[in-house]
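# Coordinate analysis (summary)
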Amino acid sequence: MVIVQENDFANEAIPEEEQQRITASIRMIGSTVRGTVPYARDMGIEKVLPRNNSEMEKNEYATDLMEAIEEWEEHVTVNEVSFTEDGETKVVIEYVE
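Reading guide: rules and limits
- Residues numbered from 1 in each chain as written.
- Predicted model: local features only at pLDDT ≥ 70, side-chain atom pairs only at ≥ 80, totals over all residues.
- Heavy atoms only, no water.
- Salt bridge = Lys/Arg side-chain N within 4 Å of Asp/Glu carboxyl O.
- Helix = DSSP H or I, 4+ residues; strand = E, 2+ residues; numbered from the N terminus.
- 1 Å grid on protein atoms, 1.4 Å probe; cavity = no way out; pocket = protein on both sides within 12 Å on 5 of 7 lines; lining within 4 Å.
- Points joined across faces, edges and corners; volume = space filled by probe spheres on them.
- Nonpolar A, V, L, I, M, F, W, Y, C, P; charged D, E, K, R; others polar.
- Core = buried A, V, L, I, M, F, W, Y, C linked by side-chain atoms within 4.5 Å.
- Buried < 20%, exposed > 50% of the residue type's maximum accessible area, 1.4 Å probe, protein only.
- Phe/Tyr/Trp six-rings, centres within 6.5 Å; stacked < 30°, edge-to-face > 60°.

## Side note on the pattern of salt bridges
- As enumerated under the stated definition, the model contains four salt bridges in all.
- Residue Glu18 pairs with Arg21 through a salt bridge whose shortest N-O separation is 3.2 Å. With Glu18 and Arg21 both in helix 1 (residues 16-31) and three residues apart, this pair spans about one turn of that helix.
- Glu46 is the partner of Arg34 in a salt bridge, and the nearest nitrogen-oxygen pair spans 2.8 Å. Of this pair, Arg34 sits in the loop between helix 1 and helix 2 (55-72) while Glu46 is found in the loop between helix 1 and helix 2, placing the two residues 12 residues apart along the sequence.
- Within the structure, one salt-bridge network assembled from shared partners comprises Glu18, Arg21 and Glu73.

Set out below in structure tokens:
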């Protein structure tokens, strides 16, 4: 599962509906394998989250996820992707107007 940490969402200038839409969009991008969405075959990530703790696979996944989010969600910039001990992916974003 992708956890989104919204650094800029504390800013009340961003409507809550927009915050929820962005969070849902990032989660969808992070859980969609590239090539599986009709009419948007480039959307998503190349591989699913690595099942093992290989640092190389985690780095490849994080890079792919960052690039996909920045391509498909134009309202944010990804500052960091990290992994929790529970096996979840944490994405730290910044809102871009």
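## Section: the layout of surface pockets
- Here the largest pocket is characterised by a volume of approximately 160 Å³.
- Residue composition of the lining of the largest pocket, by class: three nonpolar, four polar and four charged.

## Section: the nonpolar core
- Judged by nonpolar contacts, the single largest core of 18 residues is most densely connected at Ile26, Leu65, Ile69, Val91 and Ile93.
- Elements with a minimum of two residues in this core: helix 1, helix 2, strand 2 (76-83) and strand 3 (89-95).
- The dominant element in this core, judged by the number of residues it contributes, is helix 2, at five residues.

## Things to note about the packing of aromatic side chains
- Overall, the coordinates contain one aromatic pair when judged by the stated rule.
- When the centroid spacing of 6.1 Å and the interplanar angle of 45° are considered together, the rings of Tyr61 and Phe83 count as tilted. Here Tyr61 is found in helix 2, whereas its partner Phe83 is found in strand 2, with 22 residues between them in sequence.

All we've got here are geometric facts, nothing functional implied.
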